[in-house]
Amino acid sequence: MSTEDQRAPRSLAAALRARDDASLAALLRARPDLITPVPTDLTQLATRAGTRASVVRALERLDRFALQTAEALAVAGDPATYPELLGLMAGDTRDPVVADALPGALAALREQALVWGDESCLRLVRTARELLAPSAQHPSPTGLGPSVREATAGMSPGRIQELVATAGLPSTHDSVSAVGALTALFTHRKKMTALLASAPADSVDILKRLMWGPPYGQVTADPAARLRWLLDRGLLLPTAPGTVVLPREVALHLREGRAHRTAEPVPPAVEAAATHPPQVVDSTAAGQAYTSLATVEELLKDWHEGGPAVLRAGGLSVRDLKRTAVALDVSEPMAAFWVELAYAAGLLASDGEADERYAATPEYDDWLERPPADRWAQLAQAWLAATRTSGVVGGRDLKERALSALGPGLDRSAAPEVRHRVLTLLAGLPEGAAPDQEAVLARLRWERPLRGPQGQQSPQGQGQGHQSAQGSQGDDDLRSRLARWTLMEAELLGVTGRGALSAHGRALLGARSATRPAAAVTADARTGPTGPTGPGDKLPAPHRATAAGSPAASLTAPLSPPEQAVATAAAARLLAPLLPEPLDHVLLQADLTAVAPGPLRRPLADVLSVLADVESKGGATVYRFTPGSVRRALDAGRSASDLHAFLTEHSRTPVPQPLAYLIDDVARRHGHLRVGAASAYVRCDDDALLNEILADKRAAPLRLRRLAPTVLATQADPATLLDGLRSMGFAPAAESAEGDVLISRAHAHRTPPRTAPEPVPDGPPVPDTTLLTAAIRAIRAGDLAATTPRKPTEDAAPLAPGQLPRTSSAETLATVQAAVLTGEALWIGYVNAEGTASQRVIAPVRVEGGFVTAYDHTADEVRTYPLHRITGVAELADD
């Protein structure tokens, strides 16, 4: 064995053992599921890295070219050499772009522990090979079929010898050598070219139809001559009755050595489809931001006295969502978005009462008192981090149950990542540049090609859906839909304007500058390596951008909560000067309307919303005064003089005479009739007016009767009586049992204090630096204890890797006491109070009272261990 072979790692655990701490930290950061819980040693880490669930998650996070590289290794030999891999990726022509990018993709696979070994012995982890290798049940994403050896595994020796003879090869003594001879023929470029040159043209056409997959075809019991020529020479091999397959070696020859029809080493460029002046983008986004605040306020004002009832299964009913959409003058999907946004921001929730309803939370009242820019920042931050996705409202879950707004089942863990990535791509364009939507979707598909139609794991594309080298998966996959929703919602919320990212939108992402040229987006950060790739490796452009710490690289991961808070505050500061200043006046018109030429200050807006009805919205809001609206203001405790003074103070135009007459006329009749409980009664000093009421046919449903010249009574309740008289054109006022006029004010219904819903994470969170440092130290310590050489004993069987030593209590005590006298180190097995077993290397200092005090080499500190928790001890080898 050569010296180089001796140095080559023999397992994934050995390869991980050769890594430094920075490389291990990069692995655990890229695959955080490996650290939950912290492995005891590197052998356990390697075992966990090879489990199916962990490998599937890692494959899902590869970009298209790194995945293509893994797929090529899955159809290469095991182990494969780097030249063999290069041939599969770059073909016989050795495409220079692919050749330059391959070291970076291979380094990305190594970093995530999906590939180990040096360039002479590249090994794909076994689980990844099983997931990506071709089989009859799951065709390979490359479109390649089984090798000659795999396809002839069940073939009779006589038939194999017939294939060898027909192909013009000398006969052999056994089937293994015969299969090897066929394989050598099919992999020899010149001999294969000569063999195919002698084939009928129709036969070659059949091979070309199967060349890019699927490699399987159907034949009859008596195949045609063109098929028989191929079957006799092993160019097509039977796999089942009536089914043949194109061997992998033959397909690779026809493909000129390429495993994929098209290798995609460079991500699709996201270029500007339209460019607008940055000032126009910012002002447009600011206007939409203010509209978003008004929409949320209008929604919660509509639910001021208690919103819709909560369904038994949770969420809003379809009828209530439609009613909310009508009230907001938006479509139902937009209404679902605003409702979910207010819920994500903690502004509305269910009240938890027996008759459970949705209502504003106490946080809403605090939110109203903040400056507009801060209110918008709270909404934008909640939207950016939310996993609840309003776009799926109206769809069905896996159990075919309808998904309703504010109901369960709306969480999509990938939503925050997709939102952040889409906005990052927009931030990579010059200021004022709006991208083409399809270009953004194509880029996302390149970055995450393995996400299935419902965001589920699809390591092999489920046979038909995965097209990693042959185009996109289609527009109906979850990530594409999330991206479309992100672009639409960002425009609604005012993060973007005219499709381009605004200045406050960039600040929300934590981006300091966005002056990069559009061409630089092609070298944006990707999921490649973030460190050196090894001796002689050349990092391609996309990877160099990341490794060099480009502006794009700083935008690839969402900010931590403290960083996001700082970025949100910066976004609010940038937005504040762009928002319109609230006005303290309106323009009264002679047609009983008032025009608000802009947003109004809160006290003015609140009073005016009671005194008048909103007739139209837009750049200017038009309010209309009606008898009903004036009566509403009087019912709220305002007098006629109060209303005249209010309008005079806040109108830039004189109060029109028709409006003054309207207020006086309604006030004159307001309270002239009194309604109380008899069940209900009506009293009035003017008996002629009561006679008019009794004579009115519209009063028949009220079943009124005269108790006295000035009093009418009914069995209807006071509220029904009030509504009935008002519908007849009268203006009654309610009174208390003492005879005082009751002032009716809207009851502001609020929920108890509620917290905003927590986002549902997409797998374990990425560990921070402190946790990584502690975990790597623990793994190294456990690995030291597990790999420290022990003295062999004559009567003890050798221990398997990771197995704890076992000795009796007497032997343990005697060995520990002897180590105290000699100062030697021992290897022990220890089970803590929680039942967790571990291996440790200790140097005993003293033994007393059933405890041993020792210097723990694995923890690098002095510790005390109960002797009854030590499973056994073993002496370490002298070296």
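Cut-offs applied
- Residues numbered from 1 in each chain as written.
- Predicted model: local features only at pLDDT ≥ 70, side-chain atom pairs only at ≥ 80, totals over all residues.
- Heavy atoms only, no water.
- pLDDT = per-residue confidence, 0-100.
- Helix = DSSP H or I, 4+ residues; strand = E, 2+ residues; numbered from the N terminus.
- Contact = heavy atoms within 4.5 Å.
- Pairing = 2+ DSSP bridges.
- Axes fitted to C-alpha atoms, helices over the stretch in contact; angles between N-to-C directions.
- Phe/Tyr/Trp six-rings, centres within 6.5 Å; stacked < 30°, edge-to-face > 60°.
- Buried < 20%, exposed > 50% of the residue type's maximum accessible area, 1.4 Å probe, protein only.
- Lys NZ or Arg CZ within 6 Å of the ring centre and 35° of its normal.
- Core = buried A, V, L, I, M, F, W, Y, C linked by side-chain atoms within 4.5 Å.
- Salt bridge = Lys/Arg side-chain N within 4 Å of Asp/Glu carboxyl O.
- Parallel < 35°, antiparallel > 145°, perpendicular 65-115°, else oblique.
- Nonpolar A, V, L, I, M, F, W, Y, C, P; charged D, E, K, R; others polar.

**Here we look at the confidence of the model for the chain**
Reasoning step 1: Chain-level pLDDT for the chain is 83 on average; 86% of the residues reach the 70-or-more range.
Reasoning step 2: Within the chain, the lowest mean pLDDT, 34, falls on helix 26 (residues 541–547), and the highest, 96, falls on strand 11 (residues 500–501).
Reasoning step 3: Contacts from residues 452–476, a stretch scored under 50 in pLDDT, to residues over four places away or in other chains number 68 contacts.
Reasoning step 4: Predicted confidence for residues 512–555 stays below pLDDT 50, and this span has 95 contacts to residues more than four positions away or in other chains.

**Here we look at the sheet that holds strand 22 (residues 837–848)**
Reasoning step 1: Taking strand neighbours across the sheet as the criterion, the 5 strands line up as 24-23-22-21-25 in an open arrangement whose pairing is antiparallel. Edge positions in the sheet fall to strand 24 (861–866) and strand 25 (870–875), since each has one partner strand and no second. The mean inter-strand angle of the sheet, taken between neighbouring strand axes irrespective of direction, is 45 degrees.
Reasoning step 2: Sheet topology note: the strand 22/strand 23 (residues 851–856) ladder contains 6 bridges and is antiparallel. Bridge pairing in strand 23 links Glu-848 to Phe-851.

**Notes on the packing of aromatic side chains**
Reasoning step 1: In this structure the tally under the stated criterion is 4 aromatic pairs.
Reasoning step 2: Judged by centre distance (4.9 Å) and plane angle (70 degrees), the rings of Tyr-830 and Tyr-865 are edge-to-face. Taken together, the residues span a long stretch of sequence, with Tyr-830 in strand 21 (residues 826–831) and Tyr-865 in strand 24 at a distance of 35 residues. Assigned by exposure class, Tyr-830 and Tyr-865 land together as buried.
Reasoning step 3: Here the guanidinium or amino end of Arg-375 rests over the ring plane of Trp-367, the centre of that ring lying 5.3 Å away.

**Some remarks on the nonpolar core**
Reasoning step 1: Membership of the largest hydrophobic core comes to 97 residues, with the highest contact counts inside it found for Leu-59, Leu-73, Phe-186, Leu-235 and Leu-236.
Reasoning step 2: Among the elements that line this core, the one with the most residues is helix 6 (residues 64–75), at 8 residues.
Reasoning step 3: Ignoring anything within four residues of it in the chain, the contact list for Phe-186 reads Val-148, Met-192, Leu-195, Arg-233, Gly-234, Leu-235, Glu-249, Val-250 and His-253.

**Side note on the pattern of salt bridges**
Reasoning step 1: Following the criterion strictly, the structure yields 30 salt bridges and no others.
Reasoning step 2: Asp-21 is paired through a salt bridge with Arg-780; the nearest N and O atoms lie 3.0 Å apart. On the criterion of sequence distance, the pair formed by Asp-21 in helix 3 (residues 21–30) and Arg-780 in helix 34 (residues 769–787) is long-range, its members being 759 residues apart.
Reasoning step 3: Ionic pairing is found between Glu-438 and Arg-484, a salt bridge with its closest N-O pair at 3.1 Å. Of this pair, Glu-438 sits in helix 23 (residues 437–447) while Arg-484 sits in helix 24 (residues 478–493), placing them 46 residues apart in sequence.
Reasoning step 4: A relative accessible area of 36% means that Glu-438 is categorised as partly exposed.
Reasoning step 5: For Arg-484, a relative accessible area of 24% gives the class partly exposed.
Reasoning step 6: Through salt bridges with shared partners, a single network forms among Arg-61, Glu-417, Arg-448 and Arg-479.

**Re unusual backbone geometry**
Reasoning step 1: Residue Pro-79 is bonded to the preceding Asp-78 through a cis peptide linkage, with omega at 5 degrees.
Reasoning step 2: Position of Pro-79 among the secondary structure elements: in the loop between helix 6 and helix 7 (82–90).
Reasoning step 3: Here Gly-213 and Pro-214 are connected by a cis peptide whose omega angle stands at -5 degrees.
Reasoning step 4: Topologically, Pro-214 is positioned in the loop between helix 14 (201–210) and strand 3 (216–218).
Reasoning step 5: Of note in the backbone geometry, Ala-113 takes a positive phi value of approximately 60 degrees without being a glycine.
Reasoning step 6: Looking at the element boundaries, Ala-113 is found in the loop between helix 8 (96–111) and strand 1 (115–116).

**Regarding the pairing of strand 19 (residues 711–714)**
Across a regular strand the side chains alternate sides, sitting on one face of the sheet and then on the other.
Reasoning step 1: One ladder, built from 4 bridges, connects strand 17 (residues 680–683) with strand 19; its direction is antiparallel. Looking at the pairing, Tyr-681 lines up with Ala-713 of strand 19.
Reasoning step 2: Summarising the sheet, strand 18 (residues 705–708) and strand 19 pair through 3 bridges and their orientation is antiparallel. Each residue of the ladder has a partner; that of Arg-705, found in strand 19, is Ala-713.
Reasoning step 3: Hairpin connection from strand 18 to strand 19: 2 residues lie between these consecutive antiparallel strands.

**Some points on the packing of helix 12 (residues 175–187) against helix 13 (residues 189–197)**
Reasoning step 1: Closest axis-to-axis distance for the helix 12/helix 13 pair is 5 Å, and the angle between their directions is 85 degrees. For the element pair helix 12 / helix 13, the angle class is roughly perpendicular. Contacts between helix 12 and helix 13 involve Leu-185, Phe-186 and Thr-187 from the first element and Arg-189, Lys-191, Met-192 and Leu-195 from the second.
Reasoning step 2: Partitioning the contact of helix 12 with helix 13 into residue classes produces 4 nonpolar, 1 polar and 2 charged.

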